[in-house]
Amino acid sequence: MATPEFIRTLRASAGHQLLWLPGVTAIVFDDEGRVLLNRRSDTRKWSVLGGIPDPGEQPAACAVREVFEEAAVHCVPERVVLVQALQPVTYENGDVCQYMDITFRCRATGGEARVNDDESLEVGWFAVDALPDLNEFAVFRIKQAMSEAPTWFDPMSLG
């Protein structure tokens, strides 16, 4: 995943210490009910699409931008399906980040799914009953996006 310039600037003074960052995930469905996935170049595994908002960028706008940048698909966010603070991640270079993920259910409106940047090895539409091997993060978000339940949040955090 390409590191945004503003994070490189922060890292110049913060070193490898923990950065608390926003993150956005887009669960994109087409008119046939298929979900858009990419096989990431960093992990080589299939996943849902997403990224980090630029400073001042609205989360929904980030979802739209990331989907187009990664998969050349235009989409419209329909609703927030999940908000969750994730566990800290330590990257190979020693940088530590923790993300507040906002997941949007999105509807594809145009474009043709294809690899559109260096973050993806493959991009494709998948029937929800025929998904490739995905981690729990992705599966949970797809299930939440398919549900009409209210926005999910961690009830343990209500103490």
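These notes cover the structure that comes with them. What you see is a predicted model, and the numbers here were worked out from it, not measured in a lab.

Across its full length, the chain holds 3 helices and 8 strands. Since a compact globule built from 159 residues should have a radius of gyration of about 15 Å, the 15 Å found for the chain is in line with a globular shape. Taking the principal axes of the C-alpha coordinates as reference, the chain spans close to 45 × 40 × 30 Å. Within the span of the chain, comprising 159 residues, buried residues form 39% of the whole. Partitioning the contacts of the chain with sequence separation of at least 6, the portion at a separation of at least 24 is 72%. Split by element, the accessible area of the chain, about 8800 Å² in all, is 54% carbon and sulfur. Here the chain holds 14 positive side-chain charges and 24 negative ones, and the gap between their average locations is 2 Å.

Moving on, we come to the pairing of strand β2 (residues 35-40). Counting buried positions along β2 yields 5 of 6 residues, so the element is predominantly enclosed. In this sheet, strand β8 (residues 120-126) lies alongside β2 in antiparallel orientation, the contact comprising 6 bridges. Paired with Arg39 across the two strands is Glu122, which belongs to β8. Inspection of the sheet shows β2 paired to strand β3 (residues 46-47) by 2 bridges, in the antiparallel sense. Across the sheet, residue Asn38 finds its bridge partner in β3, namely Ser47.

Bringing the state of the cysteines into the picture now. Evaluation of the coordinates by the stated rule reveals 0 disulfides. For the unlinked cysteine Cys62, the closest cysteine sulfur is that of Cys106, found at 10 Å. The thiol sulfur of Cys106 is not disulfide-bonded, and the nearest other cysteine sulfur, from Cys75, lies at 4.2 Å.

With that settled, consider the packing of aromatic side chains. Think of a pair of aromatic rings as described by two things: how far the centres are apart, and how the planes are tilted against each other in angle. Scanning the entire structure with this criterion turns up 2 aromatic pairs. With centroids separated by 5.0 Å and ring planes inclined at 75°, the aromatic side chains of Trp46 and Phe126 adopt a geometry described as edge-to-face. You can see Trp46 sitting in strand β3 and its partner Phe126 sitting in strand β8, a full 80 residues away along the chain. Given the relative accessible area of 16%, Trp46 is considered buried. Aromatic side chains Phe140 and Trp152 sit 5.1 Å apart centroid to centroid with 85° between the ring planes, which places their arrangement in the edge-to-face category. Placement of the pair is Phe140 in helix α3 (residues 136-146) and Trp152 in the segment after α3, with a sequence separation of 12 residues.

We now examine the environment of Gln17. Looking at where Gln17 falls in the secondary structure, it is placed in the loop between α1 (5-14) and β1 (19-29). Not counting residues up to four positions away in its chain, the partners in contact with Gln17 are Arg11 and Val96. There is a polar contact of 3.2 Å between the side chain of Gln17 and the backbone oxygen of Ala14.

What α3 keeps buried is the set Ala138, Arg141, Ile142, Gln144 and Ala145. Projected down its long axis, α3 carries its buried residues within an arc of 165°, all on one side. Exposed residues on α3 whose side chains face more than 90 degrees from its buried face are Glu136 and Lys143. Buried residues along α3 sit in contact with β1, β2, β5 (73-85) and β7 (96-111). For α3, the N-terminal cap is Asn135; the gap from its side-chain oxygen to the backbone nitrogen of Phe137 is 3.3 Å.

What counts, and where the lines are drawn
- Residues numbered from 1 in each chain as written.
- Predicted model: local features only at pLDDT ≥ 70, side-chain atom pairs only at ≥ 80, totals over all residues.
- Heavy atoms only, no water.
- Helix = DSSP H or I, 4+ residues; strand = E, 2+ residues; numbered from the N terminus.
- Rg over C-alpha atoms; globule rule 2.2 N^0.38 Å.
- Buried < 20%, exposed > 50% of the residue type's maximum accessible area, 1.4 Å probe, protein only.
- Contact = heavy atoms within 4.5 Å.
- Areas by Shrake-Rupley, 256 points an atom, 1.4 Å probe, with all protein chains shown as cover.
- Lys, Arg positive; Asp, Glu negative; His and termini not counted.
- Charge placed at Lys NZ, Arg CZ, Asp CG, Glu CD.
- Pairing = 2+ DSSP bridges.
- Disulfide = S-S within 2.5 Å.
- Phe/Tyr/Trp six-rings, centres within 6.5 Å; stacked < 30°, edge-to-face > 60°.
- Polar contact = N/O pair within 3.5 Å; in protein donor to acceptor, adjacent residues only side chain to side chain.
- Arc of directions from axis to C-beta.

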